[in-house]
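Listed here are the chains, written in short residue letters.
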Amino acid sequence: MNFVDIIIKKRDGKKLTKKEIAFFVNGVTDGSLPDYQISSLLMAILLNGMDAEETAHLTMEMAHSGDMFDLSSVEGFKVDKHSTGGVADTTTLILAPLVASVGVPVVKMSGRGLGFSGGTIDKLESIPGFRVDVTEEEALRFGRKSGIVLMSQTDDLTPADKKLYALRDVTGTVDSIPLIAASIMSKKIAAGADGIVLDVKCGSGAFMKDLESAEKLATTMADMGRHVGRKVTAVISGMDQPLGMYIGNSLEVMEAMEVLKGNVGGDLLEVSLILGANMLLLAGRVETEEEGKALLLEQIKNGKGLAKFRELLVQQGGNVHVIDNYDLLPLSPAKLEVKAEKDGYITHMDTARIGRASQETGAGRMFKGQPLDFGAGIVMKKRAGDAIATGETFAIVYSESEEKCRSAADILKKAITIEEKQAAKQPPLIWKIIRQED
Ligand code: URA
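For every chain, the first residue of the written sequence is number 1, and numbering continues from 1 onward in sequence order. Where totals are concerned, whole chains, interfaces and linings use all residues; where local detail is concerned, this predicted model gives features only for residues with pLDDT of at least 70, and gives and counts side-chain atom pairs only at 80 or more. To obtain the side-chain values, all non-hydrogen atoms of the structure were included, while hydrogens and water were left out.

Draft legend 1. The sheet that holds strand E4 (residues 195-202), seen in detail. Strand order in this open sheet of four strands is E1-E4-E5-E13, and the pairing throughout is mixed. At either margin of the open sheet sits one strand with a lone partner, and together these are strand E1 (79-83) and strand E13 (430-434). Between one strand axis and the next, the sheet turns through 15° on average, direction left out of account. For two strands to count as paired, DSSP must find a minimum of two bridges between them. Each helix is a run of H or I in the DSSP string that is no shorter than four residues. Each strand is a run of E no shorter than two, and both are numbered from the N terminus. Here five bridges tie E1 to E4, and the two strands are oriented parallel to one another. When the sheet's bridge partners are listed, His82 is paired in E4 with Leu198. Residue contacts are counted whenever heavy atoms from the two residues lie within 4.5 Å of one another. Whenever a helix is involved, its axis is fitted only over the stretch in contact; in every case the axis is a line through C-alpha atoms, and angles between N-to-C directions fall within 0 to 180 degrees. The strands that helix H9 (residues 177-191) touches are E1 and E4; relative to E1, the one it contacts most, it runs at about 165°.

Right under this line is the structure:
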């Protein structure tokens, strides 16, 4: 088979066969295809799409490109969760300890940042000593003992996705429904959980900008998971402003700990509770979403969620003292307050742009393998809809140099729309929840 023919076929908008897709995934996995040809096909897929059959073939080929994780030795119904990617989207660090603290095991493989969106693995690595490279044997042992494991994909799991994910990040080929669906579901299927809650982000800071495309991605992924016998719930949640107020790696760890301590509420807590409650629902631990939310909230109040987070840090070598002393987490030395240039209301936040500003600080990658500045990022001081006065600070930028702070601030200023009149309505936090029976 000649790979150029496959690229040309997709470039011309034609459907690829199972064999051609298998040839592609095998070539990615064994390294026989060069990056430029892989990237070229990725771009052709982004531009011309894939139908349901092609997407299913791509997903299953990718899922089987490496080992399949067998979680059967961890007792109970194992639940996983995956976000399609957003800004200040720190829910995993909150809901995983909360869900595990009520006895539902979470053995979760997470990813690194992708484009303007952050990644749990990068955030966890900002905790001094925390080890994300956990072996399969360790993951099972930890899962049996503590009921919580947050780890990066092992080398042997979906190696094709590892390669494709890193290439897509730097070739403008992230926001494609078939590529996102195959990337997420191949990993989730190979990672072995019994139930999966998908957090499909929708809005200006998501890869899916409108409800229609978010719904399409959600149903594509949910159908795929169910087809291979997994229970799947898809939550379509809003990403028209950063979910939390802290953007960046150590900054997001700090905010997650504040939520677990019960000091911070708002949208980040609400979405974490909803996703967590749906994980408990899939596991049969609760009967209703409301019951699940109340149970998880109780785990914040009684400190058991934070205790589980502490257990996770001890288990994976992270410095537990960060919990009580945030000074032990990295924070970049240069700091710049970004101020409003007129009076009015914040009517719109271009959240992907805010994510790009965060990349500019050094908190996200601009090229494959770029080392991150874990202490860089942005603290937002305002939410969409808030009133603001000239000279009032709406964000604080942290980076290694004043120059980087200034260029991030320039991007941030363009990301915020201030108008005299308040916008009629802000988009919803939860657009839709698609459950198995729906
Ligand atoms: N998250 C993933 O794991 N893959 C994507 O393609 C997008 C978000």
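From this point, things continue past the structure.
Draft legend 2. Inspection of the sheet that holds strand E8 (residues 344-349) at higher detail. Pairing in this open sheet of three strands is antiparallel, and the strands run E10-E8-E12 from one edge to the other. Because the sheet does not close on itself, it has two edges, and the strands there are strand E10 (387-388) and strand E12 (416-419). Here E8 runs beside E10; their pairing, made up of two bridges, is antiparallel. Residue pairing for E10: Tyr345 is matched across the bridge by Ala387. The sheet strands contacting helix H16 (residues 402-415) are E8 and E12, and the helix crosses E12 at an angle near 45°.

Draft legend 3. The domain arrangement of the protein, seen in detail. Each domain's limits were defined by an automated method or a database of domain assignments. If you check the domain split of the protein, you get domain 1 (3-49), domain 2 (79-324 + 431-435) and domain 3 (330-419). The centre of domain 2, based on its C-alpha atoms, is set 24 Å off from the matching centre of domain 3. Counting residues at the interface gives 31 residues for domain 2 and 31 residues for domain 3. The term buried area denotes the loss of accessible surface (1.4 Å probe radius) that occurs when two parts are joined, taken as the sum for both partners. Across the domain 2/domain 3 interface, buried area totals approximately 2,300 Å², and carbon plus sulfur atoms make up 59% of it.

Draft legend 4. Main features of helix H3 (residues 35-48). Here H3 contains 14 residues, and its C-alpha end-to-end distance of 20 Å stays within 8% of the 20 Å for a straight helix at 1.5 Å per residue. Those residues of H3 not exposed but buried are Gln37, Ile38, Ser39, Leu41, Leu42, Ala44 and Ile45. On its buried face, H3 is in contact with helix H1 (3-11), helix H2 (18-29), helix H8 (159-169) and H9. Of the residues flanking the end of H3, it is Gly49, one or two places downstream, whose phi is positive at about 75°. Multiplying one less than the number of residues by 1.5 Å gives the expected span of a helix. Burial classes: relative accessible area under 20% of the type maximum marks a residue as buried, over 50% as exposed, and values in between as partly exposed (1.4 Å probe, protein chains only).

Draft legend 5. Examining the site of the ligand more closely. By nearness alone, every residue bordering the ligand is listed as His82, Thr84, Leu114, Tyr165, Arg168, Ile180, Ser183, Ile184 and Lys187. A 3.5 Å cut-off defines polar contacts: any pair of N or O atoms within that distance qualifies, except that in protein one atom must be a possible hydrogen donor and the other a possible acceptor, and neighbouring residues in sequence count only when both atoms are side-chain atoms. At 3.1 Å from an oxygen atom of the ligand is found a side-chain nitrogen or oxygen belonging to His82. At 2.6 Å, a side-chain N or O of Lys187 approaches an oxygen atom of the ligand. Contact with the protein chains covers 97% of the free accessible surface of the ligand, which is 240 Å². Where the shell around the ligand is concerned, the elements lending two or more residues are H8 and H9. Residue contributions to the shell around the ligand peak at four residues, all from H9. The nonpolar class holds Ala, Val, Leu, Ile, Met, Phe, Trp, Tyr, Cys and Pro. Asp, Glu, Lys and Arg form the charged class, and all remaining residues, Gly among them, are polar. When grouped by side-chain class, the residues that make up the shell around the ligand number four nonpolar, three polar and two charged. A single heavy atom is enough: if one lies within 4 Å of a molecule or strand, its residue is considered near that molecule or strand. The method behind every accessible area is Shrake-Rupley, applied with a 1.4 Å probe, and residues are considered shielded solely by the protein chains displayed.

Draft legend 6. Structural context of the pattern of salt bridges. Whenever a carboxyl oxygen of Asp or Glu lies within 4 Å of a side-chain nitrogen of Lys or Arg, that contact is scored as a salt bridge. By the definition in use, this model includes 30 salt bridges. The partner of Asp51 in a salt bridge is Lys15, with the nearest N and O atoms 2.8 Å apart. Taken together, the residues Asp51 in the loop between H3 and helix H4 (52-63) and Lys15 in the loop between H1 and H2 connect sequence positions 36 residues apart. By relative accessible area, Asp51 is classed as partly exposed at 32%. Lys15 sits in the partly exposed class, given a relative accessible area of 39%. Across the pair Glu311 and Lys308 runs a salt bridge, and its minimum N-O distance is 3.1 Å. Residue Glu311 and its partner Lys308 are both found in helix H14 (residues 304-315); the two are separated by three residues, about one turn of the helix.

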